[in-house]
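# Descriptive analysis of the structure
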Amino acid sequence: DTGVSQNPRHKITKRGQNVTFRCDPISEHNRLYWYRQTLGQGPEFLTYFQNEAQLEKSRLLSDRFSAERPKGSFSTLEIQRTEQGDSAMYLCASSLGERLWGYTFGSGTRLTVV
Amino acid sequence: AQSVSQHNHHVILSEAASLELGCNYSYGGTVNLFWYVQYPGQHLQLLLKYFSGDPLVKGIKGFEAEFIKSKFSFNLRKPSVQWSDTAEYFCAVIFYGGSQGNLIFGKGTKLSVKP
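So, here's what we can say about the structure. (Residues numbered from 1 in each chain as written. Chains lettered and ligands numbered in written order. Predicted model: local features only at pLDDT ≥ 70, side-chain atom pairs only at ≥ 80, totals over all residues. Heavy atoms only, no water.)

Here we take up the overall build of chain B. If you tally the helices and strands in chain B, you get 0 helices and 12 strands. Listing every helix and strand of chain B by position from the N terminus yields β-β-β-β-β-β-β-β-β-β-β-β. Taken over the C-alpha trace, chain B has a radius of gyration of 14 Å; the compact-globule value for 115 residues is 13 Å, and the two agree within 12%. Taken over the C-alpha atoms alone, chain B extends approximately 45 × 30 × 20 Å along its principal axes. Burial analysis of chain B (115 residues in total) assigns 48% to the buried set. Here the contacts in chain B between residues at least 6 apart in sequence split such that 56% fall between residues at least 24 apart. Carbon and sulfur atoms form 52% of the exposed surface of chain B, whose accessible area is close to 5,400 Å². One way to put it: in chain B the 10 positive side-chain charges average out to a point 4 Å from where the 7 negative ones average out. (Helix = DSSP H or I, 4+ residues; strand = E, 2+ residues; numbered from the N terminus. Rg over C-alpha atoms; globule rule 2.2 N^0.38 Å. Buried < 20%, exposed > 50% of the residue type's maximum accessible area, 1.4 Å probe, protein only. Contact = heavy atoms within 4.5 Å. Areas by Shrake-Rupley, 256 points an atom, 1.4 Å probe, with all protein chains shown as cover. Lys, Arg positive; Asp, Glu negative; His and termini not counted. Charge placed at Lys NZ, Arg CZ, Asp CG, Glu CD.)

Put simply, an interface is often sized by how much accessible area is lost when its parts join up. Taken residue by residue, the interface counts 21 residues in chain A and 19 residues in chain B. The contact between chain A and chain B buries some 1,700 Å² in all, and 56% of this surface belongs to carbon and sulfur atoms. Where chain A meets chain B, there are 0 salt bridges. Where chain A packs against chain B, one counts 3 residue pairs in polar contact (both at pLDDT 80 or more). Of all the secondary-structure elements, those providing two or more residues to the side of chain A that touches chain B are strand S4 (31-37) and strand S5 (44-50) of chain A. The greatest single-element share of the side of chain A that touches chain B, amounting to 3 residues, is contributed by S4(A). Counted by class, the side of chain A that touches chain B contains 10 nonpolar, 8 polar and 3 charged residues. (Buried area = accessible area lost by both parts, 1.4 Å probe. Salt bridge = Lys/Arg side-chain N within 4 Å of Asp/Glu carboxyl O. Polar contact = N/O pair within 3.5 Å; in protein donor to acceptor, adjacent residues only side chain to side chain. Nonpolar A, V, L, I, M, F, W, Y, C, P; charged D, E, K, R; others polar.)

A few words on the pairing of strand S2 (residues 10-14) of chain B. Residue and element names in this part refer to chain B. Only one face of S2 is buried, namely the one carrying Val11 and Leu13, since none of His10, Ile12 and Ser14 on the opposite face is buried. The pairing of S2 with strand S12 (residues 109-114) spans 5 bridges and is classified as parallel. Paired with Ile12 across the strands is Ser112, a residue of S12. (Pairing = 2+ DSSP bridges.)

Take a look at the structure:
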């Protein structure tokens, strides 16, 4: 048990459909991050929250992507009108405060767009 | 732009061989440095980290890394690898003072250890 939980583990969707992923961070962690990892690449930063505030978004995060963390606890990442290029592993991580001892990662959600 | 480079894409070793994986970053300011490991089918796990102080840091499972500021490097080492070390290894850096104080990863190095 990593402490960061992501659901679902796998998602197969047809191109053009919307998908939503959920991340439950370690309960006392106030920062939550979303990353995307494609084959042969390291994780790429998408966005992060401090409590419920979304403080930064990568240029990788197109208008079709939206993330929320409404109560400063769990977070959702929605992709609208999915494209085949969205196929990837979506990783969530959390950390405590500004003293960054390293992020704790979840197991990820693998998205396949067919 | 700030970046992290891992020059070895795939390393193949026999058990008991010594390991050194290279990591370089492009930034002259303050950095925090990390190595993560991802075993097949598992999540990313923190191996070790460097924030300040002794540039030689020891992590879990017998791994260590040395921060050489003048070379912008943070190479990972292990004196004697085991078959169970087969995994993908990612170097990651937090760049302070840049546009993001977030963790930036290298592309990873896949390590295969032959029994």
